[in-house]
Amino acid sequence: MTSASDRPVGRFAPSPSGEMHLGNLLCAMLSYLSVRSQGGRFLLRIEDVDLPRCPAHRSRQCIDDLKRFGFRWDEPPLWQSERTAFYQRLLDGLTMRGLIYPCFCTRAQLQREAAPNEGDTQWIYPGTCRSLRPAEVSRLLRLRRPALRLRVPERVYSFRDLLCGEVSEELQRGCGDFVLRRSDGLFGYQLAAVADDAASGVTEVVRGRDILTATPRQLYLQELLGCPRPVYAHIPLLVDAGGRRLAKRDRDIGLSVLVRRCSPEEILGLLAAACGLLEEARPVTLEQLIPLFSWEKVRRRTEGPPERGVLRLPPIAGSGSAPQGKELP
Ligand code: GLU
């Protein structure tokens, strides 16, 4: 499942369940600049496996937004909703190796029994259905459709992130056996992302720091499926000029609001200044940023400890995130 080309391959993989916001745009921008500055290829993958939450008009909107900011991709976008047969084949292979088991736990039960993972909203699965007897499985199968979980080993998975440094997790203690296919039949993010990154020959994964904890699970899946390991960069959270986390309710990060106030070049200039590619925000195109890009600059501009760092946006004229900004209509 590797690419024939030895040029770096990057990708942006949005889940179009809502409109794009500045944080998504920043990930897309850094992913693009990183591979383009090395003469590499850039791909777009629409992570719409959860079709009910990711309707087609949102995906189209996301593609139009990216084009408006000057993104170009080297192959037609990949749509995860069209690839379930591929994911199923991989799942079947893992099932034949005895690595998958059905889990009948309800959400309420999981919340009661699972231990919260430190510092985030993930739950550590306590292994309730790991060793059910075949007779019990048959009985439960008549009652409800199970999720399918992957057994995780008692092993630490580590990688060196370009921005966060050394990251590691002991899978059993950090997350427990995790879901590859949900009880509604939809494939989970982990399997689909690992399979598609490998199938597209992706060598660099640039994404939000909110997904950092998923990466050790993906390393395990890569090992099981014989996929090469890409380089990772998990992008810090964006905060406003006053250090406040940007939130959709502040109406200041949704692209549909921003593009009414600023041109795409102005918005790119703000993001480029936030991550140290420009000294000060000024209108700039994506192509003009390519020669200015380096991970070292982004690293230097990140405030706080590596795994919890933030990038600070300059004030956005006329938005709620400018200290003296005008209120939006
Ligand atoms: N689909 C995820 C998101 O929109 C990103 C997944 C990835 O880049 O691996 O946050």
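See the structure printed just above.
Residues numbered from 1 in each chain as written. Predicted model: local features only at pLDDT ≥ 70, side-chain atom pairs only at ≥ 80, totals over all residues. Heavy atoms only, no water.

1. Regarding the site of the ligand
Selection criterion: Only heavy atoms are used to decide nearness, and a residue is near a molecule or strand if one of them lies within 4 Å of it. Definition of a polar contact: a pair of N or O atoms within 3.5 Å, with one able to donate and the other able to accept a hydrogen when the atoms are protein atoms, and with sequence-neighbouring residues admitted only if both atoms are side-chain atoms. Accessibility throughout is a Shrake-Rupley quantity obtained with a 1.4 Å probe, and a residue counts as covered only by protein chains that appear here. For this classification, Asp, Glu, Lys and Arg are treated as charged, while Ala, Val, Leu, Ile, Met, Phe, Trp, Tyr, Cys and Pro are nonpolar and the rest, including Gly, are polar.
Around the ligand, a shell composed of Arg11, Ala13, Pro14, Ser15, Glu47, Tyr189, Arg207 and Ile211 is seen. Within the side chain of Glu47, an N or O atom sits 2.7 Å from a nitrogen atom of the ligand. In the environment of the ligand, an oxygen atom lies 2.7 Å from a nitrogen or oxygen atom belonging to the side chain of Tyr189. Its free accessible area being 300 Å², the ligand has 81% of it covered by the protein chains. For the shell around the ligand, the class distribution of residues is 4 nonpolar, 1 polar and 3 charged.

2. Comments concerning empty space enclosed by the protein
Rules: In the cavity and pocket records, a cavity denotes points on a 1 Å grid over the protein atoms alone where a 1.4 Å probe fits but cannot get out, a pocket denotes an open set with protein on both sides within 12 Å along at least 5 of 7 lines, and lining residues are residues with an atom within 4 Å of a point. Grid points are joined across faces, edges and corners, and a volume is the space filled by probe spheres set on the points. Where helices and strands are cited, they refer to DSSP runs of H or I of at least four residues and of E of at least two residues respectively, numbered from the N terminus.
Under the defined criterion, the tally for this structure stands at 1 cavity of 30 Å³ or more. Computed from the structure, the largest cavity encloses a volume of approximately 40 Å³. Around the largest cavity sit Val194, Asp197, Ala198, Val202, Gln222, Pro228 and Pro230, which together line it. Counting residues per element, the lining of the largest cavity draws most heavily on helix H7 (residues 189-199), at 3 residues. Of the residues contributing to the lining of the largest cavity, the split by class is 5 nonpolar, 1 polar and 1 charged.

3. Re the pairing of strand E8 (residues 156-161)
Applied cut-off: Type-normalised accessible area, obtained with a 1.4 Å probe on protein chains alone, sets the label of each residue: buried when under 20%, exposed when over 50%, and partly exposed for intermediate values. When DSSP locates at least two bridges between a pair of strands, those strands are taken to pair.
Burial along E8 is one-sided: the residues Tyr157, Phe159 and Asp161 are buried and none of Val156, Ser158 and Arg160 is. Where E8 lies against strand E9 (residues 165-170), 6 bridges are found, and the strand directions are antiparallel. Across the sheet, Arg160 pairs through a bridge with Glu166, a residue of E9. Counting the residues that bridge the hairpin from E8 to E9 gives 3 residues.

4. Some thoughts on the nonpolar core
Note the cut-off: Throughout, nonpolar core names a set of buried Ala, Val, Leu, Ile, Met, Phe, Trp, Tyr and Cys residues whose side chains join them through atoms within 4.5 Å.
By size, the foremost hydrophobic cluster in this structure holds 49 residues, and its most contacted members are Leu22, Met29, Leu30, Phe71 and Leu277. Broken down by element, the residue count for this core peaks at 10 residues, all from helix H1 (residues 22-36). Within the second largest apolar cluster, 37 residues are counted, among which are Val9, Leu148, Phe187 and Leu219.

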